[in-house]
Amino acid sequence: MTTTATGDRDHPRGASGATTTTPDPSLRPAPDPAIEVQQLRCSYGDFEAVRGIELRAAPGELLAVLGTNGAGKTTTLEVLQGRRPADAGHIRVLGLDPARQRRALAARAGVVLQESALPDELTPAEFLLLWQQMAGGGTLTHRPVDEQLARVDLTHRRDVRIGRLSGGERRRLDLATALSADPELLFLDEPTAGLDPESRADTWTLIRQLLHTGTTVVLTTHYLEEADALADRLAIMHEGQIEVAGTLPDVLAARDARIRFTLDNDSTLPNERLVGQATVTRQRDRQHVEVRTPDLADDLRSLLAWSQAGGTDLQRLHASEPTLAEVFHDVRTTTNAPEVTR
Amino acid sequence: MTSAIALARAELRILARDRVAAFNVVVVPLFAAIYLVTNPPPAEEIPGPLAAAGAAVLLAVFTSVALVLKSVMVLVQRREQHLLERWRISGTAPAAILAGTLLPGVLLLAGGIAVMFAALAIALDQAPVQPFWLVLAVVLATALGGTAATFTAAYARTTESASVVALPIFAALLGGGIWATLVPLGEVTWRMRGTGGGALTELVRIGWEGPTDATGFVAAASAAGPSLLVLLTLTGALGVAGTCTFRWSPRAQRGGWSRRSSQRES
């Protein structure tokens, strides 16, 4: 993954990219958040799965919730959907209390569960029809079944038993079900897990289309490039807490860029030539050097100047802006360090 | 109600597409009934209350096997398939989801037992004296079986373990039902009735044989009172226990829909 993936984020909307033509958006009152969570706590018996997290997403935004397995992502989503009671915290989803107004929320929110929840013995068409009769007590207006199937490219599998569908096709049917009544809010719990690259790209396109129409999306995923490509705002969870949160540019801007190279053993390090607050680390073999810097361009220029002036050969030079993968890795390694083992 | 009926129709369709299962649940009771009618035991070998005892045992078997065992397995399987979670997401009321999921089992019980009762009456030439109590016994059997299955499903982690976990309920309904056929109608004890199966047996016997010490509906109602009380109490207790313990997803703890989130849901 490279940082250029952010160039795919072509959905100007939400708090960070309004699409409206209103002369001065700053004069408008801020819209009520679609998701607002304060100090959410949730436990399984003695195990506290979610430990006082804060989340916020504006209407029309895509909030990506990332984290390791067991970080508390799915539990958080379950609370937001009203499927699990919170132990503590203030939670508002589309202005509703999910625990008290579960049915009202269900009528306005679509959900793709982490596990594909489909009856093998029914066909996609039969299942979507059943869902229409059940969702919202049969009172919601749904898209026609054939239109739903076409939307996720499953028309040709309309009358095949679901048990005979591939994993990717089942996932697409899950998505079609969630979109059945054109929800204002969509919860996607690892929606592209098991999909081939082409199907994943198609799903991303569909999600972008939904965002363009103002749908708010809460996405959990293990694919960082997915969050990189789609998210307006992200939160990285680890062991029940949010370690990093913000818009993607903000999160990346808060991290240092890296310059890596190898030197001959007897070469001295160029600390004094680097500006700003760069951290220079030389590994024990004295050959591999890593520079972490908040100002990549200046420090790289300084480094190259130092190299030229002294005739030092910077072998295998590699410079990169921070990536989401590095942020994620840092969250894991730093929180797995002393605090965790205490 | 619409959701429950839609779900029940889907469950019936699922059952119908399993050809072996569909054959067994429909054809086997029919074959048994036809065999019974065409091969009745010689009249001189039929003791007086045989039809009533046979009907009581049949109800116990159908309730424990066709309703409880099947329903527990269906509920656990639907939970493993995450379908119960799916239906909860739809906003459908918990009771409607359970009713829709369990309705096929109830229909199998009602249909199967109606066929067998008719066959028994024809084969033994012993029509029930007060059919109302038979109908009531079947209705209460479905209620008891449904709540027992819901309660039991909370404790069965996998489909494979469902039959073993349901064994105590199975034993109480079937064993208690047979137990209460071994004594004269007026000597059914509270302990027998307490199994649930014994109380159902007493109701069936009252419906088929009639009360022992008097005739008429009032006498029958008086005789059936203790069993009605036991069945309603057991059904209510299992219903409350089921709402407290039921699990909608495989990774959920037993908490039912009575926890804070759902008690107040609107």
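These numbers come from a predicted model, not from an experiment.

In this section: the overall build of chain B. If you tally the helices and strands in chain B, you get twelve helices and zero strands. Reading chain B from its N end, one meets helices and strands in the order α-α-α-α-α-α-α-α-α-α-α-α. In terms of overall size, chain B behaves like a compact globule, its C-alpha atoms giving a radius of gyration of 19 Å where 266 residues would be expected to give roughly 18 Å. Referenced to the eigenvectors of the C-alpha coordinate spread, the extents of chain B come out at roughly 60 × 40 × 35 Å. Counting the 266 residues in chain B, one finds 49% classified as buried. In chain B, of all internal contacts separated by at least 6 residues, the share reaching a separation of at least 24 is 78%.

Here we take up the environment of E225 of chain A. When you line up the elements, E225 of chain A lands in helix α7 (residues 224–230). When the C-alpha atoms of E225 of chain A and A305 of chain A are compared, they prove to be 34 Å apart, with 80 residues separating the residues in sequence.

Residue and element names in this part refer to chain B. With their axes 8 Å apart at the nearest point, helix α3 (residues 50–80) and helix α10 (residues 197–209) run at an angle of 140° to one another. Remark: the crossing between α3 and α10 carries right-handed chirality. Across the interface between the two elements, A51, A52, A55, A56, L59, A60 and T63 of α3 pack against G197, L200, T201, V204, R205, W208 and E209 of α10. Among the residues forming the contact of α3 with α10, the class breakdown is nine nonpolar, three polar and two charged.

It is worth spelling out the interface of chain A and chain B at this point. Across the contact, 30 residues belong to chain A and 26 residues belong to chain B. Contributions of two or more residues to the side of chain A that touches chain B are made by α2 (102–106) and α3 (124–134) of chain A. Taken together, the residues that form the side of chain A that touches chain B break down as 15 nonpolar, eight polar and seven charged.

Our next topic: the pairing of strand β9 (residues 241–247) of chain A. All names here are of chain A. As defined by bridge partners, strand β8 (residues 233–238) adjoins β9 across six bridges and the pair is classed as antiparallel. Directly across from M237, in β9, lies its bridge partner I242. Hairpin connection between β8 and β9: a loop of two residues separates the two successive antiparallel strands, and E239 in this loop has a positive phi of roughly 50°.

If you look at the biggest cluster of nonpolar residues, it comprises 148 residues, and the most contacted ones within it are V218 of chain A together with L59 and A137 of chain B. Take this core: its biggest share by element is 17 residues, from α3 of chain B. The residues contacting V218 of chain A, other than those within four sequence positions of it, are I35, A57, L63, V65, L77, L80, F187 and L188 of chain A. Core analysis: the next-biggest nonpolar cluster, separate from the first, contains five residues, I259, A278, V291 and L303 of chain A among them.

Looking now at the sheet that holds strand β5 (residues 109–112) of chain A. Residue and element names in this part refer to chain A. Spatially, β5-β6-β7-β3-β8-β9 is the arrangement adopted by the six strands of the open sheet, whose pairing is mixed. The sheet is open, and its two borders are formed by β5 and β9, each paired with just one other strand. Averaged over all pairs of adjacent strands, the angle between their axes in this sheet comes to 15°, without regard to strand direction. Running at roughly 170° to β5, helix α5 (residues 167–178) makes contact with β5 and β6 (185–189) of the sheet.

This part is about α3 of chain B. Residue and element names in this part refer to chain B. Helix length check: α3, at 31 residues, gives a terminal C-alpha distance of 43 Å against a target of 45 Å (1.5 Å per residue), a fit within 8%. Where α3 bends most, the angle comes to about 25°, and this point is F62. Taken across its 31 residues, α3 has 24 buried, putting it largely inside the fold. Just past α3, the residue H82 takes up positive phi, approximately 65°.

Here the focus is the sheet that holds strand β2 (residues 47–57) of chain A. Residue and element names in this part refer to chain A. As summarised here, the arrangement of the three strands in space is β2-β1-β4, forming an open sheet in which the pairing is antiparallel. Only two strands of the sheet have a single partner each, and these edge strands are β2 and β4 (88–93). Across the sheet, the mean angle separating the axes of adjacent strands is 25° when strand polarity is ignored. As paired elements, strand β1 (residues 35–44) and β4 share five bridges and run antiparallel to each other. The residue bridging R41 from the neighbouring strand is A88, located in β4. With respect to the sheet, helix α1 (residues 73–81) is in contact with β1, β2 and β4, its orientation differing from that of β1 by roughly 115°.

Turning to the environment of A178 of chain A, a few remarks are in order. Residues and elements named next belong to chain A. Within the secondary structure, A178 is located in helix α5. Given 21 C-beta atoms within 10 Å, A178 falls into the buried group. The spacing of A178 and A109 is 69 residues in sequence and 8.0 Å in space, taken between C-alpha atoms. In this view, A178 contacts G110, V111, V112 and L186; residues no more than four positions away in its chain are not counted.

What follows concerns the packing of α3 of chain B against helix α5 (residues 94–124) of chain B. Residues and elements named next belong to chain B. The N-to-C vectors of α3 and α5 enclose an angle of 165°; their axes lie 9 Å apart at closest approach. As far as their axial angle goes, α5 and α3 are roughly antiparallel. For α3 against α5, the interelement crossing comes out right-handed.

Take α3 of chain A next. Within α3 of chain A, nine of the eleven residues are buried, which leaves the element mostly enclosed by the surrounding structure. Along α3 of chain A, the residues classified as buried are P124, E126, F127, L128, L130, W131, Q132, Q133 and M134 of chain A. Check the buried side of α3 of chain A and you find it contacts α4 (145–151) and α5 of chain A together with α1 (2–17) and α4 (83–89) of chain B.

The subject of this paragraph is the confidence of the model for chain B. Predicted confidence across chain B gives a mean pLDDT of 86, with 90% of residues reaching 70 or more. Scored by ipTM, the complex comes to 0.82, with pTM at 0.79.

What counts, and at which threshold
Residues numbered from 1 in each chain as written. Chains lettered and ligands numbered in written order. Predicted model: local features only at pLDDT ≥ 70, side-chain atom pairs only at ≥ 80, totals over all residues. Helix = DSSP H or I, 4+ residues; strand = E, 2+ residues; numbered from the N terminus. Rg over C-alpha atoms; globule rule 2.2 N^0.38 Å. Buried ≥ 20, exposed ≤ 12 C-beta atoms within 10 Å, placed from the backbone. Contact = placed C-beta atoms within 7 Å. Axes fitted to C-alpha atoms, helices over the stretch in contact; angles between N-to-C directions. Left-handed = near helix turned anticlockwise from the far one by under 90°. Nonpolar A, V, L, I, M, F, W, Y, C, P; charged D, E, K, R; others polar. Pairing = 2+ DSSP bridges. Core = buried A, V, L, I, M, F, W, Y, C linked by C-beta atoms within 7 Å. Expected span 1.5 Å × (residues − 1). Bend = angle between axes of the 7 residues up to and from the residue. Parallel < 35°, antiparallel > 145°, perpendicular 65-115°, else oblique. pLDDT = per-residue confidence, 0-100.

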